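What the coordinates show
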Amino acid sequence: MPQAVSDGGENLNGSDVGGSQALSHYGMDSTGYSVSFPPKKSLLKELSSTLKDMFFAGEDPLRQYKEQPSWFKRVWLSLQHVFLVLEWGRHYTLSMFKGDFVAGLTIASLCIPQDIGYSKLANLPPEIGLYSSFVPPLIYTLMGSSRDLAIGPVAVVSLLLGSQLQNEFDPKTHPLEYRRLAFTATFFAGITQAALGFFRLGFIIEYLSHAAIVGFMAGAAITIALQQLKGFLGIRKFTTNTDIVSVMKSIFKSAHHGWNWQTILIGASFLGFLLVTKYIGKKKKKLFWMSATAPLISVIISTFFVYITRADKHGVAVVKNIEKGINPPSASLIYFSGPFLLKGLKIGVVAGLIALTEAIAIGRTFAAMKDYQLDGNKEMVALGTMNVVASLTSCYITTGGFGRSAVNCAAGCRTAASNVVMSIVVLLTLLFITPLFKYTPNAILSSIIISAVLGLIDYKAAYIIWKVDKLDFLACLGAFLGVVFSSVEYGLLTAVAISIAKILLQATRPKTALLGNLPRTAIYKNIEQYQEVTTVPRVVIVQVDSAIYFTNSNYVKERILRWLEEEEERQRQQKFPQIECLIVALSAVADIDTSGIHALEELFRALEKRKIQLILADPGPTVIQKLHAAKFTELIGDDKISLTVGDAVKKFAPKAVDSV
C-alpha cells in the first residue's frame, strides 16, 4: 500500500503536526490540542495584508528602502529598481561581452530579413521594421530583467496590427494615415503595458491560459503562413481577409493567370533550404548558427540571383527601395485627439496585451532554463516604456520573439547587452546597406516568415493538454479555430471567453469528495482515489475542496446533502445503523463569505430535522474567524468543531471507530 499523507496536517497517529497554541478552545481532543484562532488584526492591518498579498505576493515593497541608512542610497536603489542595467552592469566582464557580442551578431543576421518581412505583414514600409529593431532594444537593455529576450517585431503582433489597421485605412491609398494610426496604436500599447506593470496588475494577462495561448499561436501561425502565399506564389491581387476560407478562395481564383513560376521556384528552393537548416540546428545544438544565419544567406543569394538575371523584369516582385537613415521622430504623427484616438487606443490595448503575454511567457521559459528570476512587473514597465519610445521614433509594436530569443540563448548571450550589439548592426544596415535590398524578392521574405512561424505550432503541447484537461483543450481548440476561420481578434476573444468560462465553472461547481478510513490508521481519504479505504458506519464524511462563496454556496450545500442521501441508501442496503453524524472536512476551504455561512446554517437545520449532527473538521484561520463572528459556532455548539476528521470520528462516533 503506498504511503498516505493525512488530511488536515495530521500524522499517522492522527495528531496535529506543528499545531500552534490555542487562543480559544474548540473541540479539544485527547492530545490536548484544539482548533485555534489566529491573532486578531485591525481593519487597517487586514486591508494592508490583503493588498500586499494581491499586488506584492506578501512582500513588503518598502522593506529594502527602510534598510538603507542614507537618502543617497535610497535614490540609487530607486534608480536600480527602474534601470536594471545599473545593477547587473556593475558586474559586467569581458567574458560576458564576448558571449553577448557573438549572440548579438547572430540574432542580427536573423532579425534583419525577418524585420523587413514582418513590416510587410503589418502593411508598413520595410524600413519601419528595421527601425523597430534599432531603438526599442536599446531601451529594453536599460530596463529589462530578462537576459535572453531578443527584442524586435514578431509575426503574431504584426499580423494582428495589420489586420486591425487596414479596417480603418487602406495602406496603399492612405499610407500616411495608416502609418499615423500604427504609431498611435504603438503608443497606447506601451502605455497599457507600462500601466499594468506600474500598478502591478500583471495578473490580468493570466486570463489567457497556457492552453489558449498554444491554440492562438498555432492558429496565428497557419494564418500568417497562408498570408505569405501571396508573395510565395507571386499573386498580385490578394484578399485582405485573414480567414482560411477567403485566403484559399483568393489563391485558387488566381491559379490560372496570377501565379508566377519564377517566384514559386525561388520561394520553394529557399524554403526548403531554411527548413533543412532549422532541422539541423534542432538536432545538433552546436550547429544553431546554421539556422540563425540561413535567412540572411538566403536574402543575399536570392538578391544576387534576381539582380544578375533581372528576374524582376519577368514578374518576380521585389522589395524595391528601402529608405536610408535612422529613425525620424514621429511624435507629431500620433493621434492625440479626434476620432482615430479611440481607434488607436483599442487596437493598441489588444496588440499590447498579446505582445506582453508572448514576451512574459518566453522570458519565463528561458529564466527557468537558466535558473534566474524574472520580475514580471518590471518586464511590463520595461516593455511599455520601450513601446512608448518606439511610437515616438517611427517604430511599431515590438516585443520578445521566441525564434530570435532561442537563437540568442543558443548563441551564448550572457546579458541583455546582446540586444545592443544587434541594434548597432541594424543601425549600420540602415545607414549603409539598405540600397542592396532593392532586388530582394518578396518570395524570399515570405519563405523566411513561413519557416519562422511553423515553430509556433506546438502540436506536442496540444496533445498533452488533451491528455491532461479536456476543458483546457476546448480553450486551445476554440482559440485555434477562431483565428483560422475568422480573424486574429475573434480567436483571441474566443480564447479569453472560454478561459473565463472555465474559471466560472470551477468557481460555481467546486469539487467535493466522500472520505473513508484507511484501515489501521486515523487517516481519512477520498474513496475514489484510494481503493483500500472503508466508509465509517453511522458517519458520512464529506470534504469540500474550494472556498465557499456566494457563487457556489448553494451548490456545496446541495452536493453535501446528495452525498448524505447516497450514503444513507448504501448503508441501508448493507443493513448498517442509521446515520448519526455528518462531518464536513474544511481543510481545503481557504475562505468563506456570508452566503457560505448561510448555506451551512441551512445545512445544519436540514440535518437537525433528520436528527443528524453536523460536525466541522479542521477549519482554517479565516474560516473559523468568520464562523465565530457570524455566531455559527454558537449555533452548532463549540464542541462540534474538531481539529481533525479522525478526532471528530473518535468523539462523535466511538462505536464506529471500534468497528472499523
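Along every chain, residues carry numbers that run from 1 in the direction the sequence is written. The model is predicted, so local features are restricted to residues of pLDDT at least 70 and side-chain atom pairs to those at 80 or more, both for listing and for counting; the totals for chains, interfaces and linings are taken over all residues. Hydrogen atoms and water are omitted, and side-chain values are computed over all heavy atoms in the structure.

Regarding the overall build of the chain
Under the convention used in this document: Here a strand is any run of E in DSSP of at least two residues, a helix any run of H or I of at least four, and the numbering for each starts at the N terminus. Here a residue-residue contact requires only that any non-hydrogen atoms of the pair lie within 4.5 Å. In this description, accessible areas are obtained by the Shrake-Rupley approach with a 1.4 Å probe, and a residue is regarded as covered only by the protein chains that are shown.
From N to C terminus, the chain includes 28 helices and eight strands. Taking the contacts inside the chain whose residues are at least 6 apart along the sequence as the reference set, 79% of them involve residues at least 24 apart. Of the roughly 31,400 Å² of accessible surface on the chain, a fraction of 62% belongs to carbon and sulfur atoms.

A word on the packing of aromatic side chains
Basically, it comes down to this: Whether two aromatic rings pair depends on their centres lying within 6.5 Å, for rings of Phe, Tyr and Trp, where Trp uses its six-membered ring; planes under 30 degrees apart make the pair stacked, over 60 edge-to-face, and the rest tilted. Our definition puts a charge over a ring when NZ of Lys or CZ of Arg is within 6 Å of the ring centre and also within 35 degrees of the ring normal.
Summed over the entire model, instances satisfying the criterion amount to ten aromatic pairs. Linked through ring pairs, Phe169, Tyr335 and Phe340 together constitute an aromatic cluster. In this arrangement the basic side chain of Lys470 is found over the ring face of Trp466, its NZ or CZ atom lying 4.6 Å from the centre. Above the ring of Trp563, the side-chain terminus of Arg559 is found at 4.3 Å from the ring centroid.

What to know about the pattern of salt bridges
The test is simple: Every case where a carboxyl oxygen of Asp or Glu lies within 4 Å of a side-chain nitrogen of Lys or Arg is listed as a salt bridge.
The full count for this structure, using the stated rule, is twelve salt bridges. A salt bridge links Glu168 to Lys343; the nearest nitrogen and oxygen atoms lie 3.0 Å apart. Pair noted here: Glu168 is in the loop between α8 (155-165) and α9 (175-198) and Lys343 is in helix α15 (residues 339-370), with a separation of 175 residues, a long-range link. Salt-bridge contacts for Asp312 lead to Arg310; the nearest nitrogen and oxygen are separated by 3.2 Å. Salt bridges here are not isolated pairs; linked through shared partners, they connect Asp469, Asp472 and Lys502.

Quick look at the environment of Phe366
Test applied: Only protein chains enter the area calculation, which uses a 1.4 Å probe; residues under 20% of their type maximum are buried, those over 50% are exposed, and those in between are partly exposed.
Tracing the chain through its elements places Phe366 in helix α15. A relative accessible area of 5% places Phe366 in the buried class. Distance from Phe366 to Asp148, taken between C-alpha atoms, is 6.6 Å for residues 218 residues apart in sequence. Every residue in contact with Phe366, bar those within four places of it in the chain, is listed here: Asp148, Tyr372, Phe402, Ser405, Ala406 and Cys409.

Observations regarding the sheet that holds strand β5 (residues 539-544)
Our working definition: At least two DSSP bridges between two strands are required for those strands to pair.
Taken in spatial order, the six strands make up an open sheet running β4-β3-β5-β6-β7-β8, and their pairing is mixed. Each of the sheet's edge strands pairs with one partner strand only, and the pair in question is β4 (524-526) and β8 (641-642). Looking at chain direction, strand β6 (residues 581-585) and strand β7 (residues 613-617) are connected through five bridges and run parallel. Bridging from a neighbouring strand, Cys581 pairs with Gln613 of β7.

Notes on the pairing of β7
Definition in use: The path from the first strand over the helix to the second decides the hand: if it runs clockwise while the strands point away from the viewer, the crossover is right-handed.
Extensive coverage of β7 is indicated by the burial of four of its five residues. Between the parallel elements β6 and β7, the chain passes through helix α24 (residues 594-609) in a crossover that is right-handed.

Examining the nonpolar core
In summary, soluble globular proteins display a tendency toward joint burial of nonpolar side chains. Quick note on the threshold: Grouping buried Ala, Val, Leu, Ile, Met, Phe, Trp, Tyr and Cys residues that are joined through side-chain atoms within 4.5 Å yields what is termed a nonpolar core.
The biggest cluster of nonpolar side chains holds 108 residues, and the ones touching the most others in it are Phe216, Ile224, Ile354 and Val426. For Val426, the contacting residues outside a window of four places in its chain are Cys111, Ile112, Leu130, Ser133 and Phe134. Among the nonpolar cores identified, the runner-up in size contains 32 residues, and Leu514, Val542, Ile592 and Leu600 belong to it.

Let's talk about the environment of Arg364
Its place among the elements puts Arg364 in helix α15. Taking the relative accessible area as the measure of exposure, Arg364 reaches 41% and is therefore partly exposed. Here the alpha-carbon distance between Arg364 and Leu149, two residues 215 residues apart in the chain, equals 9.7 Å.

Some words on helix α10 (residues 210-227)
This is how it is decided: A helix is expected to span 1.5 Å multiplied by its residue count minus one.
With 18 residues, α10 should reach 26 Å at 1.5 Å per residue; the first-to-last C-alpha distance of 25 Å fits that figure. Among the 18 residues of α10, 15 are classified as buried, and the element is accordingly described as predominantly covered.

Topic: the packing of α9 against α15
Going by this rule: Axis lines are fitted through C-alpha atoms, for helices just across the contact stretch, and the angle between N-to-C directions can take any value from 0 to 180 degrees. For classification, angles of less than 35 degrees are called roughly parallel, those exceeding 145 degrees roughly antiparallel, those between 65 and 115 degrees roughly perpendicular, and all remaining angles oblique. We call a crossing left-handed when the near helix sits turned anticlockwise from the far one by less than a right angle, and right-handed when that turn is clockwise.
Two elements in contact, α9 and α15, have axes separated by 7 Å at closest approach and are oriented at 55 degrees. By the angle class used here, α9 and α15 are oblique. Where α9 crosses over α15, the handedness of that crossing is right-handed. In this structure, α9 uses Leu181, Thr184, Ala185, Phe188, Ala189, Thr192, Gln193 and Leu196 to contact α15, whose residues at the interface are Phe340, Leu341, Lys343, Gly344, Leu345, Ile347, Gly348, Val349, Gly352, Leu353, Ala355 and Leu356.

Some details on the side chain of Ser145
Relative to the helices and strands, Ser145 resides in the loop between α7 (135-143) and β1 (151-152). Ser145 sits in the buried class, given a relative accessible area of 14%. With near-sequence residues (within four places) excluded, Ser145 lies in contact with Leu84, Tyr140, Tyr372, Gln373, Leu374, Asp375 and Glu379.

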